[in-house]
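These are the residues of each chain, in order.
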Amino acid sequence: MAADRFVITPRPPVRAFAVAALLAAGGAVVAVLPVEGALRVAVIVLGVLLIVAAAALLGAAVAASRRQQVVVELDEAGYRVDSPAGVRAGTWKDVTRVTTAPGRITLHQGADERVHLVAPQGQLPELDAIVKAVSEHLDADRGYTVWEG
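In every chain, residue numbers begin from 1 and rise along the written sequence. Selection of residues for local features in this predicted model requires a pLDDT of at least 70, selection of side-chain atom pairs for listing and counting requires 80 or more, and totals for whole chains, interfaces and linings are taken over all residues. Side-chain calculation: all heavy atoms of the structure are included, whereas hydrogens and water are not.

(A) Geometry of the packing of aromatic side chains. A pair of aromatic rings is counted whenever rings of Phe, Tyr or Trp (Trp by its six-membered ring) have centres within 6.5 Å, and the orientation is called stacked for planes under 30 degrees apart, edge-to-face for over 60 and tilted otherwise. Applying the stated criterion across every chain, the model contains 1 aromatic pair. On the numbers, 5.8 Å between centres and 50° between planes, the contact of tyrosine 79 with tryptophan 92 is tilted. Of this pair, tyrosine 79 sits in strand β3 (residues 78-83) while tryptophan 92 sits in the loop between β4 (86-91) and β5 (97-101), and the two are 13 residues apart along the sequence. The residues tyrosine 79 and tryptophan 92 share a single accessibility class, namely buried. Runs of H or I in DSSP of at least four residues are treated as helices and runs of E of at least two as strands, each being numbered from the N terminus. Only protein chains enter the area calculation, which uses a 1.4 Å probe; residues under 20% of their type maximum are buried, those over 50% are exposed, and those in between are partly exposed.

Set out below in structure tokens:
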């Protein structure tokens, strides 16, 4: 059976993008205000600082979004979940139960160990594909086959 790889990505940081856009627009407006004298340099510096703050916020939002990705890898031997919280891995023989709820998959290993996969809103098809792949890998590990009668 082939290995499967899934990437669960967080929702885009729309509010951060909106605030960055407002800061950049505000900085551009402030930088071109018609002011005379010594105050002119201060207004231009303020405008440039607002634009720099917008760029920094945009960069931080994109970086945070990329760091929050969860990579799920399933193969014949087991699974590996690489998330911001760390790497969790296990073998299929250790999985005692798999439960699902809307937007959530839980892999149970015995009575205490649990691995939770949670999808942001709008990524339910991705989670459905993971459930199907987990089911296929568990069936293959346990020797179950599809009966064609």
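(B) Quick look at the confidence of the model for the chain. Every residue carries a pLDDT, the predictor's confidence in it, which falls somewhere between 0 and 100. Mean pLDDT over the chain: 87, with 95% of residues reaching 70 or higher. Looking over the chain, one finds the lowest element-wise mean pLDDT in helix α3 (residues 124-142), namely 85, and the highest in helix α1 (residues 14-31), namely 94.

(C) Expanded view of the sheet that holds β3. In space, the 4 strands of this open sheet follow the order β1-β2-β3-β4, with antiparallel pairing throughout. Pairing within the sheet leaves two strands with one partner each, and these edge strands are β1 (4-8) and β4. Strand after strand, the sheet turns through a mean of 10° between neighbouring axes, direction not considered. Judged from the 4 bridges that link them, strand β2 (residues 70-74) and β3 form a sheet pairing that is antiparallel. By the bridge assignment, valine 71 is partnered in β3 with aspartate 82. Pairs of strands are assigned from DSSP output, requiring at least two bridges between the strands. What counts as an axis is a line fitted to C-alpha atoms, over the stretch in contact for a helix, and the angles between N-to-C directions run from 0 to 180 degrees.

(D) Broad picture of α1. For α1, which comprises 18 residues, the first-to-last C-alpha distance of 26 Å matches the rise-based estimate of 26 Å (1.5 Å per residue) to within 8%. Residues of α1 that are buried include every one of Ala16, Ala20, Gly27 and Val30, and no others. Buried residues in α1, looked at end-on, bunch into an arc of 100°, giving them a common side. Exposed residues pointing more than 90 degrees away from the buried face of α1 are listed as Val14, Arg15, Leu22 and Val29. Next to the buried residues of α1 lie α2 (39-67). Multiply 1.5 Å by the residue count of a helix minus one, and that product is the helix's expected span. The arc in question is traced by the directions running from the helix axis to the C-beta atoms. Two residues qualify as a contact provided that any one of their heavy atoms is within 4.5 Å of a heavy atom in the partner residue.

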